[in-house]
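Notes for the structure review
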Amino acid sequence: MSTRAGFAAVIGAPNAGKSTLVNRLVGSKVTIVTQKAQTTRFQVRGVAMDGQAQIVLVDTPGIFRPRRRLDRAMVRAAWSGAHDADAVVHLVDAEAELAATGSAAKAADRRSAEDVRTIVEGLKRADRTAILALNKIDRVRRDDLLALTQRLFDTGAYTEVFMISALDGSGVEDLKRRLAALMPESPWLYPEDQAADLPARLLAAEITREKVYLRVHEELPYAATVETTAFEERKDGSARLEQTIYVERDSQRAILIGKGGQTLKWIGEASRKELAEILGRTIHLFLTVKVKDNWAEDRAAYRDMGLDFDV
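First, a word on what this report is: a plain description of the structure on this page.

Definitions and cut-offs
- Every residue gets a number counted from 1 within its own chain, in the order that chain's sequence is written.
- Note on the predicted model: pLDDT of at least 70 is required for a residue's local features to be given, and 80 or more for side-chain atom pairs to be given and counted; whole-chain, interface and lining totals, by contrast, use all residues.
- The side-chain values count all of the structure's non-hydrogen atoms but skip hydrogen atoms and water molecules.
- Only protein chains enter the calculation, and the probe is 1.4 Å; a residue is then buried if its accessible area is under 20% of its type maximum, exposed if over 50%, and partly exposed in between.
- Here a strand is any run of E in DSSP of at least two residues, a helix any run of H or I of at least four, and the numbering for each starts at the N terminus.
- Any two strands are treated as partners once DSSP identifies two or more bridges connecting them.
- Whenever a carboxyl oxygen of Asp or Glu lies within 4 Å of a side-chain nitrogen of Lys or Arg, that contact is scored as a salt bridge.
- Inter-axis angles, ranging from 0 to 180 degrees, are taken between N-to-C directions of lines fitted to C-alpha atoms, where helices are fitted over the stretch in contact.
- Between two residues, a contact is recorded if the distance between any of their heavy atoms is within 4.5 Å.
- Residues enter a nonpolar core if they are buried and are Ala, Val, Leu, Ile, Met, Phe, Trp, Tyr or Cys, with the set joined through side-chain atoms within 4.5 Å.

For the rest of this paragraph, the subject is the pairing of strand β8 (residues 239-247). Within β8, seven of the nine residues are buried, which leaves it mostly tucked inside the rest of the structure. Summarising the sheet, strand β7 (residues 225-233) and β8 pair through eight bridges and their orientation is antiparallel. Bridging across to β8, E232 finds its partner in R240. Where β7 folds back onto β8 in an antiparallel hairpin, the turn is made up of five residues, including G237, whose phi is positive at roughly 95 degrees.

Here's what the structure looks like:
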């Protein structure tokens, strides 16, 4: 039986659930998931298998109206991932999309709906169509969902629609089978047992960054980044990692460290535990917090994240 392999880009507004969907399709964690929007800063490839088909999933940063250099670089990376893919999935938060039209709409819902319109316009400009995946269907009424489906499909930007819940898995296997069928005939691009192509140093930094946002997402805006500065393989099979968390101000450093160092201790323990599970070895993790007020203007940081500094 011939094999298939190709790329499927998952695009959408920030917080639509792209990372959760990619992790669900792959069956393991390859990208960070937090309740904070715009946590994915660069394309992370996860590898999903379906029979003889290999789907290389490109989890892109959220597409939104950019304000800063980092924003512009993230949006460029997202559209680049969509342009180069064999299939594109536009994931839409159905709950937010429906809420945006109500009189009690939250600002976040209106931003999400605006970002959806931006993506529809971008697909049309690129003369590209996508699979529409309506997410979080467990939170909305069926008749509202059907009306939303019709409204979005009528834009002409989509070839078909799937209704899913990335969180509980509803409808995700159907979407996976469809993506598998869309992959071109090709030898597999990765070994069957490889879930992602993210280097271990970068994966480790992403896991720690996830824990930072999980713990201090209210107090700390997008002012932190994490760098793995040392990754040492030890003779006993364990690994020793040193990481630096960069923030922009002294006040943010104080928040990250916490009273008596408790916040940083929690971040370190949570990251170490998950890294040990993912890498299958004992991890010795050492964290440092440093103030670097211009890290978001550091060309080297963009290169490490695979982003275009000059966008």
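The final tally for this structure, using the stated rule, is 10 salt bridges. Note that E97 is salt-bridged to R151, the shortest N-O span being 3.6 Å. Taken as a pair, E97 in helix α3 (residues 94-99) and R151 in helix α5 (residues 142-153) lie far apart in primary sequence, 54 residues in all. With a relative accessible area of 4%, E97 lands in the buried category.

Turning to the sheet that holds strand β9 (residues 283-291), a few remarks are in order. Taken together, three strands build an open sheet; the order of strands is β7-β8-β9 and the sheet is mixed. Looking along the sheet, the strands with just one partner apiece sit at the ends: β7 and β9. Each strand axis lies, on average, 20 degrees off the axis of its neighbour in the sheet, ignoring direction. Set on the sheet, helix α7 (residues 200-216) makes contact with β7, β8 and β9; between it and β7 the angle comes to about 135 degrees. Along the sheet face, helix α8 (residues 250-257) touches β8 and β9 and points at about 155 degrees away from the line of β9.

Phi is positive for K136, close to 65 degrees, though the residue is something other than glycine. Among the structural elements, K136 can be located in the loop between β5 (130-135) and α5. Take K136: its relative accessible area is 17%, and that puts it in the buried class.

Grouped together as the largest cluster of nonpolar side chains are 24 residues, with contacts concentrated most on L21, I55, L57, L175 and L179. Among the elements of the structure, β1 (4-12), α1 (18-26), β3 (53-59), β4 (87-93), β5 and α6 (172-182) are those that each provide at least two residues to this core.

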